[in-house]
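# Chain and residue survey
So the chains spell out like this:
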Amino acid sequence: MLEKVTTALSMFLISGQAIALDCGEVTKPCRIDTGEYHITLPDEWRGGPVVIHLHGYGGSGAKVLKNKQFVEAFTARGYAFVAPTALPWQESKPADWSVRDGWITYPRSDVRFLRDVLADVATRAKVNPNQVLLTGFSRGGSMVWEVACLAPDLARGYAPASGGFWLPMTQECLGPVHMLHTHGFTDKVVPLEGRSIHNEEFDVTITQADIWEGLALWRQTNECQHNAAENEVRANLWRKRWECEHGSLELFLHDGGHGYPKDWGTMALDWFEGLEN
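These remarks concern the structure in this document.

Attention shifts here to the overall build of the protein. When helices and strands are tallied, the protein shows seven helices and 14 strands. Projected onto its principal axes, the C-alpha positions of the protein cover 55 × 50 × 35 Å. Evaluated residue by residue, the protein yields a buried proportion of 55% over its 277 residues. In the protein, of all internal contacts separated by at least 6 residues, the share reaching a separation of at least 24 is 64%. Of the side-chain charges in the protein, 25 are positive and 35 negative, and the distance between the mean point of each set is 4 Å.

Here 10 strands make up an open sheet; going across it, the order is β1-β2-β4-β3-β7-β8-β9-β14-β13-β12 and the pairing mixed. At either margin of the open sheet sits one strand with a lone partner, and together these are β1 (30-32) and β12 (230-233). For this sheet, the mean angle separating the axes of adjacent strands, direction not counted, is 20°. As paired elements, strand β2 (residues 35-40) and strand β4 (residues 80-84) share four bridges and run antiparallel to each other. Across the sheet, Thr40 pairs through a bridge with Phe81, a residue of β4. On top of the sheet, helix α4 (residues 110-124) reaches β1, β2, β3 (48-54), β4 and β7 (127-137); it is set at about 45° to β2, its chief contact. With respect to the sheet, helix α5 (residues 139-150) is in contact with β3, β7, β8 (157-161) and β9 (178-184), its orientation differing from that of β7 by roughly 135°.

So, about the packing of aromatic side chains. Using the criterion set out here, one finds 16 aromatic pairs in the structure. The interplanar angle of 35° and the centroid separation of 5.3 Å between the aromatic rings of Phe137 and Tyr260 together place this pair among those described as tilted. Of the two residues, Phe137 sits in strand β7 while Tyr260 sits in the loop between β14 (248-254) and α7 (264-273), which places them 123 residues apart along the sequence. When its relative accessible area of 27% is taken as the criterion, Tyr260 is described as partly exposed. With 4.6 Å between their ring centres and 40° between their planes, Tyr260 and Trp264 make a pair best called tilted.

As for its position among the elements, Trp212 is in helix α6 (residues 211-222). Residues Trp212 and Arg108, spaced 104 residues apart in sequence, show a C-alpha to C-alpha distance of 29 Å. Not counting residues within four places of it along the chain, the set of residues in contact with Trp212 comprises Leu192, Leu251 and Leu253.

Take the nonpolar core next. With 60 residues, the main nonpolar core has Val147, Tyr158, Phe165 and Trp218 as its most contacted residues. If we skip the residues at most four places from it in the chain, Phe165 touches Trp145, Glu146, Cys149, Thr170, Cys173, Gln208, Ala209, Gly214, Leu217 and Trp218.

What counts as what
- Residues numbered from 1 in each chain as written.
- Predicted model: local features only at pLDDT ≥ 70, side-chain atom pairs only at ≥ 80, totals over all residues.
- Heavy atoms only, no water.
- Helix = DSSP H or I, 4+ residues; strand = E, 2+ residues; numbered from the N terminus.
- Buried < 20%, exposed > 50% of the residue type's maximum accessible area, 1.4 Å probe, protein only.
- Contact = heavy atoms within 4.5 Å.
- Lys, Arg positive; Asp, Glu negative; His and termini not counted.
- Charge placed at Lys NZ, Arg CZ, Asp CG, Glu CD.
- Pairing = 2+ DSSP bridges.
- Axes fitted to C-alpha atoms, helices over the stretch in contact; angles between N-to-C directions.
- Phe/Tyr/Trp six-rings, centres within 6.5 Å; stacked < 30°, edge-to-face > 60°.
- Core = buried A, V, L, I, M, F, W, Y, C linked by side-chain atoms within 4.5 Å.

Take a look at the structure:
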């Protein structure tokens, strides 16, 4: 369990000095060679676990930090909160993540960028690189699926929302992961069944993959049983959990659209802190 930290780490957290950063606020991003990110720390932070959250299409780390209620759901539980910023997919275009979707115009590898971000916050803010929860929303959620597939060692847990693979969908990931996916049952922006989006300016069509097909790939990757071992139904939330030989796989479906269910941050952390080795 996450809460069962080692004695050595506990002694470090107790005896270490509180950390003050010289960057990371909304108006002052932390800059590294491959990009920039924002970060906020719990009070009296001395090191510990971290949530890295990827914004949606056209967003930024600064905009994420402005959503104080969302961020505080994590910092109040003792997590550093990091919000990297995507790059414009082309000059003068909105910020986007380098998700594999057949539209090869991205200026960097975001898998590499996120590794660089993690290395920097491990040094700058003493976050524990072994206790990373990678989350993301919409296109950022799609990037979480990409990172989980291409770099399964980057995070301890992956908790995307409202975004999955795009076509051509990969047929093989590099290793098992702990995955909690959240999706709105009535989502029309990223429907569970996927959809095609045509760009008139460039006369190109890109297609969101079927979320169910993506979950089938994760069942294959984690060597999970075909049918869910546990199904839970609440008033506005449906939860499935599969038994897997490696990693873990859970699904939250909520009765809303393109967004989060109420108290999602708490639910995601409860899941993360309950992960077995």
